[in-house]
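Chain by chain, the residues:
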Amino acid sequence: MAVWDDLVGQAKVEEQLAAAARDADALVTAHAAGQPDPEASKMTHAWLFTGPPGSGRATAARAFAAALQCVSPDRALGGAPGCGFCDGCHTTLVGTHADVEIVRTDLLSIGVKETRDLVRRAQLSPAGGRWQVIVLEDADRLTEGAGNVLLKAVEEPAPRTVWLLCAPSLEDVLPTIRSRCRHLTLRTPPVEAVADVLVRRDGIEPEAAHAAARATQGHIDRARRLATDERARARRAVVLKLPLRVGDVGGGLKAAQELVDAAAEDAKQVAEEIDVKETDELKQALGASQGGRMPRGTAGAMKELEDRQKRRRTRTQRDSLDLALTDLTGFYRDVLALQLCARSPLANTDVRDALERIAQETTPERTLRRIEAVLACREALDRNVAPLLAVEAMTMALRD
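Quick caveat: nothing in here was measured; it's all calculated off a predicted structure.

Remarks on the overall build of the protein
- Across its full length, the protein carries 15 helices and 5 strands.
- Here the protein has a C-alpha radius of gyration of 24 Å; the compact-globule value for 400 residues is 21 Å, and the two agree.
- Reported as C-alpha extents along the three principal axes, the dimensions of the protein are approximately 75 × 60 × 40 Å.
- In the protein, which comprises 400 residues, the share counted as buried stands at 45%.
- Intrachain contacts of the protein at a sequence separation of at least 6 include 72% that bridge at least 24 residues.
- Surface accessibility of the protein: about 20400 Å² in total, with carbon and sulfur atoms responsible for 52%.

Regarding the pairing of strand E3 (residues 132–136)
- Here E3 lies mainly inside the structure; 5 of its 5 residues are buried.
- Both faces of E3 are covered, namely the face carrying Gln132, Ile134 and Leu136 and the face carrying Val133 and Val135.
- Handedness of the β-α-β unit built from strand E2 (residues 100–103), helix H4 (residues 112–122) and E3 comes out right-handed.
- As defined by bridge partners, E3 adjoins strand E4 (residues 161–167) across 5 bridges and the pair is classed as parallel.

Focus on the environment of Pro81
- Tracing the backbone shows Pro81 in the loop between helix H2 (57–68) and helix H3 (87–94).
- Excluding residues within four positions of it along the chain, Pro81 makes contact with Trp4, Ala21, Arg22, Asp25, Ala67, Cys70 and Arg75.

Observations regarding the sheet that holds strand E5 (residues 182–185)
- Strand order in the open sheet formed by 5 strands is E2-E3-E4-E1-E5, with parallel pairing between adjacent strands. Here the strands that pair on one side only, and so sit at the sheet edges, are E2 and E5. With strand direction ignored, the average angle separating the axes of adjacent strands in the sheet is 15°.
- The sheet contact formed by strand E1 (residues 46–50) and E4 spans 5 bridges and is parallel. The partner of Thr50 across the bridge, within E4, is Ala167.
- Across the sheet, helix H1 (residues 11–32) lies against E1 and E5, angled at about 145° from E5, the strand it touches most.

Points about helix H9 (residues 220–228)
- For H9, every residue scored as buried is listed here: Ile220, Arg222, Ala223, Leu226 and Ala227. Within H9, the buried residues cover an arc of 165° as seen down the axis, which keeps them to one side. Turned more than 90 degrees off the buried face of H9, the exposed positions are Asp221 and Thr228.
- Looking at the buried residues of H9, the elements they touch are helix H7 (191–202), helix H8 (206–215), helix H10 (230–241) and helix H12 (299–339).

Things to note about the packing of H12 against helix H14 (residues 364–382)
- Running from amino to carboxyl end, H12 crosses H14 at an angle of 165°, the nearest separation of the two axes being 9 Å. Considering their axes alone, H12 and H14 lie roughly antiparallel with respect to each other. Crossing geometry of H12 relative to H14 is assigned as left-handed. Facing H12, whose interface residues are Arg318, Leu321, Asp322, Leu325, Thr326, Leu328, Thr329, Tyr332, Arg333, Val335, Leu336 and Gln339, H14 presents Pro364, Thr367, Leu368, Arg370, Ile371, Val374, Leu375, Cys377, Arg378 and Leu381.
- By residue class, the composition of the contact of H12 with H14 is 13 nonpolar, 4 polar and 5 charged.

What about the environment of Glu272?
- Turning to its location among the elements, Glu272 is positioned in helix H11 (residues 249–286).
- Take Glu272: its relative accessible area is 51%, and that puts it in the exposed class.
- In sequence terms Glu272 and Ala193 are 79 residues apart; their C-alpha atoms lie 35 Å from each other.

Digging into the packing of aromatic side chains
- For the structure on display, the rule yields 2 aromatic pairs.
- Ring centres 4.9 Å apart and planes at 65° place the aromatic pair Trp47 and Phe64 in the edge-to-face group. One end of the pair, Trp47, is in strand E1; the other, Phe64, is in helix H2, with 17 residues separating them in the sequence. Phe64 carries the same exposure label as Trp47, and that label is buried.

Here we look at the state of the cysteines
- The final tally for this structure, using the stated rule, is 0 disulfides.
- Here Cys181 is not cross-linked by a disulfide; its sulfur's nearest cysteine counterpart is in Cys166, at 11 Å.

Structural notes on the pattern of salt bridges
- With the rule as written, the count across this model stands at 22 salt bridges.
- Across the pair Arg201 and Asp6 runs a salt bridge, and its minimum N-O distance is 2.7 Å. Remark: Asp6 occurs in the segment before H1 and Arg201 occurs in helix H7; sequence separation between them is 195 residues.
- A relative accessible area of 33% places Arg201 in the partly exposed class.
- Across the salt bridge formed by Glu156 and Lys152, the nearest N and O atoms sit 3.4 Å from each other.
- One connected set of salt bridges, linked through shared partners, spans Asp25, Arg75 and Arg130.

Here we look at unusual backbone geometry
- Unusually for a residue other than glycine, Gln217 sits at a positive phi of about 55°.
- Position of Gln217 among the secondary structure elements: in the loop between H8 and H9.
- Given a relative accessible area of 34%, Gln217 falls into the partly exposed group.
- Phi is positive for Asn384, which is not a glycine, with a value near 70°.
- Turning to its location among the elements, Asn384 is positioned in the loop between H14 and helix H15 (387–398).

About the criteria used
- Residues numbered from 1 in each chain as written.
- Predicted model: local features only at pLDDT ≥ 70, side-chain atom pairs only at ≥ 80, totals over all residues.
- Heavy atoms only, no water.
- Helix = DSSP H or I, 4+ residues; strand = E, 2+ residues; numbered from the N terminus.
- Rg over C-alpha atoms; globule rule 2.2 N^0.38 Å.
- Buried < 20%, exposed > 50% of the residue type's maximum accessible area, 1.4 Å probe, protein only.
- Contact = heavy atoms within 4.5 Å.
- Areas by Shrake-Rupley, 256 points an atom, 1.4 Å probe, with all protein chains shown as cover.
- Right-handed = clockwise from strand over helix to strand, strands pointing away.
- Pairing = 2+ DSSP bridges.
- Axes fitted to C-alpha atoms, helices over the stretch in contact; angles between N-to-C directions.
- Arc of directions from axis to C-beta.
- Parallel < 35°, antiparallel > 145°, perpendicular 65-115°, else oblique.
- Left-handed = near helix turned anticlockwise from the far one by under 90°.
- Nonpolar A, V, L, I, M, F, W, Y, C, P; charged D, E, K, R; others polar.
- Phe/Tyr/Trp six-rings, centres within 6.5 Å; stacked < 30°, edge-to-face > 60°.
- Disulfide = S-S within 2.5 Å.
- Salt bridge = Lys/Arg side-chain N within 4 Å of Asp/Glu carboxyl O.

As structure tokens, this is what we get:
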């Protein structure tokens, strides 16, 4: 299985990355032989992968990183790098390659300290691989200070270092950084392609796979979760009932509270799974006594961990709310499609009765205002508005 097999519906991007991997392979091979190849010098040392959520930005970056580290003997016979089987490909894809650093954050932002650590690592020569590769999956979460720290490293990288940055759009990255990167834009995968992946790789029944892919509009990870997680399906069902509950003020406020509470419960579940393990591991590393008493001088480390866990819970809650708002936007999109007699397929066919009811009771203009209200709520959450306040304002606007 080639490293590109996990890219779904991205034939153009796959072609570009495969060509770049061949150039990079030729460059390293030529230097190893003491014969630098001018044709291979066009290798780009900084890349920016952009695309909507679910398009596979991080998947594409990791696949490219694996192709850069490919050591398959078939390359000497004209084979393309990125076989997926050799030690370089395999260790990169599973996250254990010594020269590939994959950075993802479960916090709201990436700060200066973490970025400086990455920059220092990027100055090192490869320990055993062909390239030193830094994959930054959440480049849009860099603070302004962190972006300025990263700028110099991206502008003048070490000879054998490659930066792979991922973000939803070009506007989410500092102009000074994106101007020094080669851009690759991914698209939302077709529903049919996502359903096919769920059937082939996850063993999901075709009917359930198509329903999940259609409901999530081509978002691969969400489709897989919806098809395999009963809790995810239950939460989505609750969200899609919200438009029928906002007819009066009391119903709207109650629905808003339930939506925020559900997101908080999601965050709590994640915390229960991770926080206890992290705390126990840190206590053990710091030499806690049998009774749990911590040695002197370790309070700062424990406080830092608690602060990190608190920030992670905040992001998890907001991510859960954002997912619910995405489902809600899809609901009103379907309502608008019915009102305008559009030919585009509906995403939420399982609640068609509710869609038709609201489509008949309202006008396209009101539906557009409701979509704008949902988008305004998402923007408010991005600006750190209190979740309950933002969602209550949205539900009141949905009554219009």
